[in-house]
Amino acid sequence: MALASGVRFAPRALLRPWALLRGTTLGRTEPAAGGGGDGARRFGSQRVLVEPDAASGVAVMKLRNPPVNALSLELLTELVISLEKLENDKTFRGIILTSDCPRVFCAGLDLTEICGRNPAHCAEYWKAMQELWLRMYLSSLVLVAAINGACPAGGCIIALSCDCRVLADNPKYRIGLNETLLGIIAPFWLKDTYVNTIGHRASEQALQLGSLFPPAEALQVGLVDQVVPEDQVQSTALSEMARWLAVPDHARQLTKNMMRKATADRLLRQRDADTQNFVSFVCRDSIQKSLQAYLEKLRQRKG
Ligand SMILES: CCCC/C=C/CC(=O)SCCNC(=O)CCNC(=O)[C@H](O)C(C)(C)COP(=O)(O)OP(=O)(O)OC[C@H]1O[C@@H](n2cnc3c(N)ncnc32)[C@H](O)[C@@H]1OP(=O)(O)O
């Protein structure tokens, strides 16, 4: 993790996700709709669409794991790989992260990955979640979240790992860490990310109550930086990106590292213990029952 002008400080090789991608189309490059030159070619995978613009050095990364962009093991893996690809390509200085699924930015953890699964699977899944958070939180690129849908729990953590958040002004698009409402507890690094963003007292309240904030409240508490009409989310995210890219990379990167390193190091120091805690917690019968009941409620809510 050497730190110097233009040097990337994101931890690398923490996970070897390639083996998980059997049958996916990661790395395929195709012309973007209406595009022509190299700068308009898009790439990505089955669940992550990347639209790079080499001229501006900005890539738009779209989550597309319908119906709700739940963070399945495959989606986590493909996100990590797409991020790594952009981090390693000196053409790119920023990523706008958004959803390709209508009305939902990201529904958080894919509960089917931790319901009725064996401890080894839960451990593999949790390591992939840690990996994504570490990579996003410490990314040397500017990450702007263009939040065009509901953003609970793990979805909120992904947004909070970005440098800036623009939320569409729709009362249905609520954002926050609602873990307690599922009968589960946010681990310390989710809590730390929350505290770093909205402060201790607001986090204390919001975490215990499992609050999901509608846009105006999310803006007021500092969970998002801008709330704009839905059709302006993308353009506002681009304007924000321009503001962040106006700062010399090395100064911005070193400052970001200074602000975030201690929080990330805390997880890096106790990654295995955190995984064991997660596994032993979610594998308890009582927790499995709550998760199952929550999933059932979600399924019945439909229609
Ligand atoms: C112990 C350590 C804990 C660590 C941290 C955990 C963080 C987490 O992320 S826990 C996950 C928390 N997530 C949620 O509470 C979100 C639940 N989902 C929703 O509230 C809604 O689905 C939505 C607001 C995101 C979208 O609403 P919409 O009406 O558009 O869609 P639905 O009809 O509700 O859902 C469609 C479909 O998707 C299934 N589904 C929804 N969320 C999840 C999920 N997180 N994991 C797996 N599956 C999910 C839902 O059951 C529906 O499935 P069916 O089509 O089969 O009925």
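Residues numbered from 1 in each chain as written. Predicted model: local features only at pLDDT ≥ 70, side-chain atom pairs only at ≥ 80, totals over all residues. Heavy atoms only, no water.

Looking at an unreviewed UniProt entry, one finds the chain named Enoyl-CoA delta isomerase 1, mitochondrial, with Bos mutus grunniens as its source organism. If you open the UniProt record of the chain and go to Subunit (unreviewed entry), you find "Homotrimer." UniProt's Pathway (unreviewed entry) comment on the chain is quoted here verbatim: "Lipid metabolism; fatty acid beta-oxidation." (UniProt positions renumbered as here; feature names shortened; annotations may be inferred.)

So, about the nonpolar core. Of all hydrophobic cores here, the largest spans 89 residues; its most connected members are Ile175 and Tyr194. Examining the composition of this core, we find that 11 residues originate from one element, helix α2 (residues 119-137), more than from any other. Those residues within four positions of Tyr194 in sequence are excluded, and the remaining contacts are Cys156, Leu160, Gly176, Leu177, Gly199, Ser203, Ala206, Leu207, Ser211, Phe213 and Leu223. (Core = buried A, V, L, I, M, F, W, Y, C linked by side-chain atoms within 4.5 Å. Buried < 20%, exposed > 50% of the residue type's maximum accessible area, 1.4 Å probe, protein only. Helix = DSSP H or I, 4+ residues; strand = E, 2+ residues; numbered from the N terminus. Contact = heavy atoms within 4.5 Å.)

Moving on: the pattern of salt bridges. Evaluated as defined, the whole model comprises 14 salt bridges. The salt bridge partner of Arg93 is Asp249, with a shortest N-O separation of 3.0 Å. On the criterion of sequence distance, the pair formed by Arg93 in the loop between α1 (73-88) and β5 (94-99) and Asp249 in helix α8 (residues 249-269) is long-range, its members being 156 residues apart. For Arg93, a relative accessible area of 28% gives the class partly exposed. Residue classification places Asp249 among the partly exposed residues on the basis of a relative accessible area of 22%. If you follow the salt bridges from partner to partner, you end up with Glu84, Glu131, Arg135 and Arg271 in one network. (Salt bridge = Lys/Arg side-chain N within 4 Å of Asp/Glu carboxyl O.)

A cis geometry characterises the amide bond from Pro66 onward to Pro67, with omega recorded as 10°. Structurally, the position occupied by Pro67 is in the loop between β4 (58-63) and α1. One non-glycine residue, Ala153, adopts positive backbone phi at about 50°. Mapped onto the elements, Ala153 comes out in the loop between β7 (151-152) and α3 (154-160).

This part takes up the layout of surface pockets. Over the atoms, a rolled probe matching the size of one water molecule traces out where space is still vacant. Quantified by volume, the largest pocket comes out at close to 1,500 Å³. Contributing to the lining of the largest pocket are 48 residues, with Ala107, Leu111, Pro152, Tyr294 and Leu298 lying nearest its centre. Residue assignment for the lining of the largest pocket shows that the elements contributing at least two residues are α2, α4 (188-198), α9 (271-282) and α10 (285-301). Of the residues forming the lining of the largest pocket, the biggest block, six residues, is contributed by α10. (1 Å grid on protein atoms, 1.4 Å probe; cavity = no way out; pocket = protein on both sides within 12 Å on 5 of 7 lines; lining within 4 Å. Points joined across faces, edges and corners; volume = space filled by probe spheres on them.)

This part takes up the environment of Pro52. Its place among the elements puts Pro52 in strand β3 (residues 48-53). The spacing of Pro52 and Leu86 is 34 residues in sequence and 9.1 Å in space, taken between C-alpha atoms.

Take the pairing of strand β6 (residues 142-147) next. In terms of burial, β6 is largely enclosed, as six of its six residues are buried. Neither face of β6 is exposed, since Val142, Val144 and Ala146 on one face and Leu143, Ala145 and Ile147 on the opposite face are all buried. Bridge count for β5 against β6 is four bridges, and the pairing is parallel. Paired with Gly94 across the two strands is Val142, which belongs to β6. Taken together, β5, α2 and β6 form a β-α-β motif whose crossover is right-handed. Where β6 lies against strand β8 (residues 164-168), four bridges are found, and the strand directions are parallel. Looking at the pairing, Val144 lines up with Cys164 of β8. (Pairing = 2+ DSSP bridges. Right-handed = clockwise from strand over helix to strand, strands pointing away.)

The next subject is the packing of α4 against helix α5 (residues 200-209). Packed helix pairs are specified by the crossing angle of their axes together with the interaxial distance, meaning the distance between the axes. Contact pair α4 / α5: the axes reach a minimum separation of 7 Å and the direction vectors enclose 130°. Judged on the interaxial angle alone, α5 and α4 are oblique. Judged by the twist between their axes, the crossing of α4 over α5 is right-handed. The residues of α5 that touch α4, namely those facing Lys191, Tyr194, Val195 and Ile198, are His200, Ala202, Ser203, Ala206 and Leu207. Classifying every residue of the contact of α4 with α5 by side-chain character gives six nonpolar, two polar and one charged. (Axes fitted to C-alpha atoms, helices over the stretch in contact; angles between N-to-C directions. Parallel < 35°, antiparallel > 145°, perpendicular 65-115°, else oblique. Left-handed = near helix turned anticlockwise from the far one by under 90°. Nonpolar A, V, L, I, M, F, W, Y, C, P; charged D, E, K, R; others polar.)

As a further point, take the environment of Pro66. Its place among the elements puts Pro66 in the loop between β4 and α1. Put simply, Pro66 and Arg47 are 19 residues apart on the chain and 8.6 Å apart in space, counted from C-alpha to C-alpha.

The next point concerns the pairing of β3. As paired strands, β3 and β4 are joined by six bridges and run antiparallel to one another. Counterpart to Glu51 in the pairing with β4 is Val60.

Below, the discussion takes up the packing of α2 against α9. Where α2 meets α9, the closest approach of the two axes is 9 Å, and the angle between their N-to-C directions is 130°. The angle between α2 and α9 falls in the class oblique. α2 and α9 meet at a crossing whose hand is right-handed. On α9, the residues touching Pro119, Cys122, Ala123, Trp126, Lys127, Gln130, Glu131 and Leu134 of α2 are Arg271, Asp274, Thr275, Phe278, Val279 and Val282. Partitioning the contact of α2 with α9 into residue classes produces eight nonpolar, two polar and four charged.

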